[in-house]
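# Observations on the model geometry
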Amino acid sequence: MASSMDVERGSHDRHGGATSNAAAADDETDINKWLPITSSRSARWWYSAFHNVTAVVGAGVLGLPYAMSELGWGPGVTALVLSWVITLYTLWQMVEMHEPEGEGTGRRLDRYHELGQYAFGEKMGLYVVVPQQLMVQVGVNIVYMVTGGTSLKKFVETVCPTCKPLRRTYFIMIFGSVHFVLSHLPNFNSIAFISLAAAVMSLAYSSIAWVASAHKGVHAGVSYAPRSSTTAGRVFQFFSGLGDVAFAYAGHNVVLEIQASIPSTPKTPSKKPMMKGVWVAYAVVLLCYFPVAIVGYWVYGNSVEDNILVSLQKPAWLIAAANMFVVIHVIGSYQVFAMPLFDTVEGWLVRSMHFKPTTLLRFLTRTTYVALTMLVACTFPFFGGLLGFFGGFAFAPTSYFLPCIIWLKIKKPKILSWTWIINVGCIVLGVGLMTVAPIGALRQIVLQAKDYKFYS
C-alpha cells in the first residue's frame, strides 16, 4: 500500500504538471497574440479580396507576353487557361482545409506549414512545406525588388529623358528603402490599405499595358516564329515560358495566413468571406492576365521584352504612369508575401531559440530581411530568368499540386472517383512543370549573365 507521503507526492506532481501545462498554454497564447498572422482576427471579406488580388495579380503579368512568345499561340493560351482553372481549384481546396475539424468551432490551420503538419505529421509536414514556402516568399520579394527598381528607373527616364542616367542598382535601393519603414507594420490588417492601393494599381497598369498595345496596333514586320533559331534553344525557351506562367499564380503561399485574419463562427465560418475574396481576385486575374498576354504578344510578336512596359515607348505620360503604378503595386505585394515569412522567422526565434517577443527582436529581424533581399536583387537583377526559375522550382509545388496531395491525404476520396482523378491529374501536370521550367529558366539566366557587370 502506498504511504501517505507517496500519495501526497503524486498529488503534488499531478498539480505541478497541470500548472506547467497551463503555463505553457498561456505562453503559447501570448506568442500567438504577438505574431503577425494570429494577432488580429477582425478582417472582413473585402480584406481577403485586397490581399488575394495583391498576392495573385503580381508583376508576373508583365512577363506573360514574353512567355507567350516562348510558348507560341496554342500552347501559350492553353497554359494560361489550365493555370487559371487548376490554381483556382487548389486555392479552393486550401480555403476548405483551413478548418478541417469543424467550421467555426474546430482547430484552425493558420499557416501553410500547419496544414502540412496536419496532413504529414509534425516533423515531416515542416520538411515538406517550409522550404518550398520560404523559397516562394523570398523569391517573390527578390523579384519584386528587381521589378520595383526597374519600373522606378523607367519612370524617371520617361519623365526626365535629359537627366543623368543612374544605375538600376540605385533605383532598387531606393525602392528597398520604402520597405525598411513599411515592414515594421505589425500584422495583415495593418497593411490592408496598402494592399488595397496595390490591388487597384495592378488593375490599372495591366489595363494600360494591353490597351496601349492594342492602340498602337500590330508592329510592322511582326513575327510569331519561335524566338530561338535552334531546336535546343526553342525547347529550353518553352520550358522557361511555362515557368513564367506558373510565377503569375502565387497566392496559395499566403492564402491560409490571409484567412487566419478573418473571424470564424459556426454560423459564418471563415471560408465563406474568404471565398468571396478569392472569387474577386480570380475575376481580376481574368481581366488582367489574358488581355495582357494575348494582346501584348499579338502586337509585338517575338520581339516583345520580358517586361511589356519596356516595349511600350509612347505616349510618355501614360508609360510613366503605368510604371509608377507597378511600383506602388509591388510595394504592397512585397508586404503581403513578407508578412507570413516574418511570422515564421519570429515564431522560430521565440519558440525554438527562446528569444523574448520584443519590439527590438521584430525590428532587427525585419530590417535584416529587407536588407538581404535588396542585396540579392541588386546583385542578380535578371527579371525574366528569375520569373521562370522561381515559378517552376517553387511555385509549381505550392500552387499546382501540393494542395492536391494534402487533399488526398486528409479527405481520402475513393480511388478512381472524379475527385481522385482530378487531383492526380493536377499532381502529374504540376510535377512536370516543376521539373522542366527551372531548366529553361536557368539557361536563360546563364545567357543573360554572360555580359552582365555586377551592380551596373
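Look up a bit, the structure's there.
Residues numbered from 1 in each chain as written. Predicted model: local features only at pLDDT ≥ 70, side-chain atom pairs only at ≥ 80, totals over all residues. Heavy atoms only, no water.

Before going further, it helps to examine the nonpolar core. With 111 residues, the main nonpolar core has Tyr249 and Tyr289 as its most contacted residues. Top contributing element to this core by residue count: helix 11 (residues 271-300), with 16 residues. Core analysis: the next-biggest nonpolar cluster, separate from the first, contains 6 residues, Ile31, Trp34, Val350 and Leu361 among them. (Core = buried A, V, L, I, M, F, W, Y, C linked by side-chain atoms within 4.5 Å. Buried < 20%, exposed > 50% of the residue type's maximum accessible area, 1.4 Å probe, protein only. Helix = DSSP H or I, 4+ residues; strand = E, 2+ residues; numbered from the N terminus.)

To continue, consider the side chain of Ser213. Structurally, Ser213 can be placed in helix 8 (residues 192-216). Not counting the four nearest positions on each side in its chain, Ser213 is found in contact with Ile208, Val295, Val299, Tyr300, Ile308 and Leu312. (Contact = heavy atoms within 4.5 Å.)

Before going further, it helps to spend a moment on the layout of surface pockets. Roughly 630 Å³ of volume is contained in the largest pocket. Around the largest pocket, the lining comprises 24 residues; the ones closest to its centre are His113, Glu114, Gln117, Leu126 and Arg351. Sorting the residues of the lining of the largest pocket by element identifies helix 1 (4-34), helix 5 (112-120), helix 6 (122-159) and helix 13 (316-351) as the ones contributing at least two each. For the lining of the largest pocket, the class distribution of residues is 7 nonpolar, 7 polar and 10 charged. (1 Å grid on protein atoms, 1.4 Å probe; cavity = no way out; pocket = protein on both sides within 12 Å on 5 of 7 lines; lining within 4 Å. Points joined across faces, edges and corners; volume = space filled by probe spheres on them. Nonpolar A, V, L, I, M, F, W, Y, C, P; charged D, E, K, R; others polar.)

So, about helix 7 (residues 168-182). With 15 residues, helix 7 extends 22 Å between its outermost C-alpha atoms, agreeing within 8% with the 21 Å of an ideal straight helix rising 1.5 Å per residue. For helix 7, every residue scored as buried is listed here: Thr169, Phe171, Ile172, Phe175, Gly176, His179 and Leu182. Here the buried residues of helix 7 occupy an arc of 160 degrees about the axis, which is enough to place them on one side. In this fold, the buried residues of helix 7 make contact with helix 6, helix 8, helix 13 and helix 14 (359-379). (Expected span 1.5 Å × (residues − 1). Arc of directions from axis to C-beta.)

What follows concerns the packing of helix 3 (residues 64-71) against helix 4 (residues 73-96). Running from N to C, helix 3 and helix 4 point in directions that differ by 130 degrees, and their axes come no closer than 7 Å. Between helix 3 and helix 4, the crossing angle belongs to the class labelled oblique. For helix 3 against helix 4, the interelement crossing comes out right-handed. Of the residues in helix 4, those touching helix 3 at Leu64, Met68 and Leu71 are Trp73, Pro75, Gly76, Val77, Ala79 and Leu80. (Axes fitted to C-alpha atoms, helices over the stretch in contact; angles between N-to-C directions. Parallel < 35°, antiparallel > 145°, perpendicular 65-115°, else oblique. Left-handed = near helix turned anticlockwise from the far one by under 90°.)

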